[in-house]
Amino acid sequence: MAIFSVYVVNKAGGLIYQLDSYAPRSEAEKTFSYPLDLLLKLHDERVLVAFGQRDGIRVGHAVLAINGVDVNGRYTADGKEVLEYLGNPGNYPVSIRFGRPRLTSNEKLMLASMFHSLFAIGSQLSPEQGSSGIEMLETDTFKLHCFQTLTGIKFVVLADPRQAGIDSLLRKIYEIYSDFALKNPFYSLEMPIRCELFDQNLKLALEVAEKAGTFGPGS
Amino acid sequence: MTVHNLYLFDRNGVCLHYSEWHRKKQAGIPKEEEYKLMYGMLFSIRSFVSKMSPLDMKDGFLAFQTSRYKLHYYETPTGIKVVMNTDLGVGPIRDVLHHIYSALYVELVVKNPLCPLGQTVQSELFRSRLDSYVRSLPFFSARAG
């Protein structure tokens, strides 16, 4: 049971707030000797596994660390280019950590506006009159819940498929947004939310929702 | 409970089959455009979901629901996509969509030498079997179609 992340999208499709509350770790570390039996390729400024799925390393996983040194994009933290370093037989044996690539803030912005349009298309393709957009999207690893307010702001929560009580959590987040972002005199509408009280109360609400699975009626 | 409509796409985005039962609202665009919009939405949802997922996925995208309908999605490893829109009361129907693929599409279209693949299915047998199968589903309402 877990709540993975929260997104707030304004009425134009811009991401104005994002919080990763819990990221399950799916990483695999392994020591390799010279000819590396995985095929790596550069994709979107990241080094990804293109072929050679084995031992928990899957196609699409990114190189996260080499010999314990973190990798940022195509370079390691100490400035070496990953593919060049791994192409040199003198550097082996080498221990590489693989895992699902983390979303960069740019990708989060892109995904948020992508959801904004999917939401609109979902309501256009409806076979019934007067349908809203996507309210809940289900996959085998997570469920995405979305609540759109009358003013067009969307609150999106990604949670474990078994997590209950997300609907009341979404309304609670709306309440927190009204109380601590809208009533903050320094907050300007439609702009990224940078309010300390909003942060604190949101984290608190997520904790409560995660533990209880649900809010009691009336809260 | 009702079944609104059903789309069948191949891996190139060609709409192989479309049929509707209780559909109260049309999208307001030509059918060809609607298929493209539906396929485009599913294509984007697939890539959206695979990026958003916190863990590695097995089946990927399964369903979404709005305030009025629920879209069920099933994709085979060969890229055939079966999409069924129902009302909100219907639970997971992966087995139903799988049956449409394996017992109807594969048996009556893929194994039929007169049906060219990658084009709209012309087979009357497929059409009528699919229609009677969907009408026999427990969540297909008895109301007149």
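Residues numbered from 1 in each chain as written. Chains lettered and ligands numbered in written order. Predicted model: local features only at pLDDT ≥ 70, side-chain atom pairs only at ≥ 80, totals over all residues. Heavy atoms only, no water.

Under UniProt, the name given to chain B is Trafficking protein particle complex subunit 1, and the source organism is Homo sapiens. The Function field of the UniProt record for chain B holds the comment "May play a role in vesicular transport from endoplasmic reticulum to Golgi." According to the UniProt record, the Sequence similarities comment for chain B reads "Belongs to the TRAPP small subunits family. BET5 subfamily." (UniProt positions renumbered as here; feature names shortened; annotations may be inferred.)

Going by an unreviewed UniProt entry, chain A carries the name Trafficking protein particle complex subunit and comes from Galeopterus variegatus. Database annotation for chain A, UniProt heading Sequence similarities (unreviewed entry): "Belongs to the TRAPP small subunits family. TRAPPC4 subfamily." UniProt annotates chain A under Function (unreviewed entry) with the comment "Core component of the TRAPP complexes which has a function of guanine nucleotide exchange factor activity for Rab1 GTPase. Plays a role in vesicular transport from endoplasmic reticulum to Golgi and autophagy. May play a role in dendrite postsynaptic membrane trafficking."

1. Brief notes about unusual backbone geometry
Residues and elements named next belong to chain A. The linkage connecting Y92 with the following residue, P93, adopts the cis geometry, with an omega of -5 degrees. Here P93 shows up in the loop between α1 (82–86) and β9 (94–99). A positive phi angle, close to 50 degrees, is found at D44, a residue other than glycine. Structurally, D44 can be placed in the loop between β4 (39–43) and β5 (46–51). Residue E190 is not a glycine yet carries a positive backbone phi of 70 degrees. Counting through the fold element by element, E190 comes out in the loop between α3 (166–182) and α4 (196–212). (Helix = DSSP H or I, 4+ residues; strand = E, 2+ residues; numbered from the N terminus.)

2. Here's the deal with the packing of helix α2 (residues 105–124) of chain A against helix α1 (residues 31–52) of chain B
Between α2(A) and α1(B), the shortest axis-to-axis distance is 10 Å and the interhelical angle comes to 145 degrees. Where α2(A) crosses over α1(B), the two elements pack in a sense that is left-handed. Within the contact between the two elements, α2(A) uses M110(A), L111(A), M114(A), F115(A), L118(A), I121(A), G122(A) and Q124(A) and α1(B) uses L37(B), M41(B), S44(B), I45(B), S47(B), F48(B), K51(B) and M52(B). Grouping the constituent residues of the contact of α2(A) with α1(B) by class yields 11 nonpolar, 4 polar and 1 charged. (Axes fitted to C-alpha atoms, helices over the stretch in contact; angles between N-to-C directions. Left-handed = near helix turned anticlockwise from the far one by under 90°. Contact = heavy atoms within 4.5 Å. Nonpolar A, V, L, I, M, F, W, Y, C, P; charged D, E, K, R; others polar.)

3. Notes on the environment of G87(A)
With respect to the helices and strands, the residue G87(A) is situated in the loop between α1 and β9. Residues G87(A) and E128(A), 41 residues apart in the sequence, show an inter-C-alpha distance of 57 Å.

4. Digging into the sheet that holds strand β2 (residues 15–20) of chain A
Spatial strand order, β2(A)-β1(A)-β12(A)-β11(A)-β10(A)-β3(B)-β4(B)-β5(B)-β1(B)-β2(B): 10 strands in an open sheet with antiparallel pairing. Because the sheet does not close on itself, it has two edges, and the strands there are β2 of chain A together with β2 (15–20) of chain B. Strand after strand, the sheet turns through a mean of 10 degrees between neighbouring axes, direction not considered. In the packing of α2(A) onto the sheet, the strands contacted are β1 (3–9), β2, β11 (143–148) and β12 (154–159) of chain A together with β3 (61–65) of chain B, and the crossing angle to β2(A) comes to about 110 degrees. In the packing of α3(A) onto the sheet, contacts are made with β1, β11 and β12 of chain A, and the angle to β12(A) comes to roughly 135 degrees. (Pairing = 2+ DSSP bridges.)

5. Concerning the interface of chain A and chain B
Facing the 37 residues of chain A at the interface are 38 residues of chain B. Summing both partners gives a buried area of about 3800 Å² for chain A against chain B, and 63% of it is carried by carbon and sulfur. The largest per-residue losses of area from chain A upon contact with chain B belong to L125(A), P127(A) and E128(A), which jointly make up 20% of the total buried on that side. One salt bridge in this structure joins E128(A) and R68(B), with 3.6 Å as the shortest N-O distance. Taken together, the connections running from chain A to chain B amount to 19 residue pairs in polar contact (both at pLDDT 80 or more). (Buried area = accessible area lost by both parts, 1.4 Å probe. Salt bridge = Lys/Arg side-chain N within 4 Å of Asp/Glu carboxyl O. Polar contact = N/O pair within 3.5 Å; in protein donor to acceptor, adjacent residues only side chain to side chain.)

6. Here's the deal with the environment of F64(B)
Looking at the element boundaries, F64(B) is found in strand β3. On a C-alpha basis, the gap between F64(B) and N85(B) in space is 9.7 Å, while along the polypeptide they are 21 residues apart. Other than its neighbours up to four places away in sequence, F64(B) contacts G122(A), I134(A), M136(A), L137(A), M41(B), I45(B), Y69(B), K70(B) and L71(B).

7. Things to note about the pattern of salt bridges
For the structure on display, the rule yields 24 salt bridges over all chains. Between D55(A) and K30(A) there is a salt bridge; the shortest N-O distance is 3.5 Å. Of the two residues, D55(A) sits in the loop between β5 and β6 (62–66) while K30(A) sits in strand β3 (residues 27–32), which places them 25 residues apart along the sequence. By relative accessible area, which is 24% here, K30(A) ends up partly exposed. The shortest N-O distance in the salt bridge between K81(B) and E75(B) comes to 3.8 Å. Overlapping salt bridges, with partners in common, bring together K30(A), D37(A), R54(A) and D55(A) in one network. (Buried < 20%, exposed > 50% of the residue type's maximum accessible area, 1.4 Å probe, protein only.)

8. Considerations on helix α3 (residues 124–135) of chain B
Within an α-helix, residues lying three or four positions from one another point in the same direction, as the helix has 3.6 residues per turn. Given a rise of 1.5 Å per residue, 12 residues ought to cover 16 Å, and the 16 Å separating the end C-alpha atoms of α3(B) matches this to within 8%. Where α3(B) begins, one side-chain oxygen reaches toward the backbone nitrogen of L125(B), 3.4 Å away; that side chain belongs to S123(B). (Expected span 1.5 Å × (residues − 1).)

9. So, the side chain of H72(B)
All names here are of chain B. Tracing the sequence through the fold places H72 in strand β4 (residues 70–75). On the basis of relative accessible area, H72 is assigned to the buried category, the value being 3%. A polar contact of 3.0 Å, which involves the side chain of H72, links it to the side chain of T86. Discounting chain neighbours no more than four positions away, the residues touching H72 are L62, A63, V82, V83, M84, T86, V90, G91, I93 and L97.

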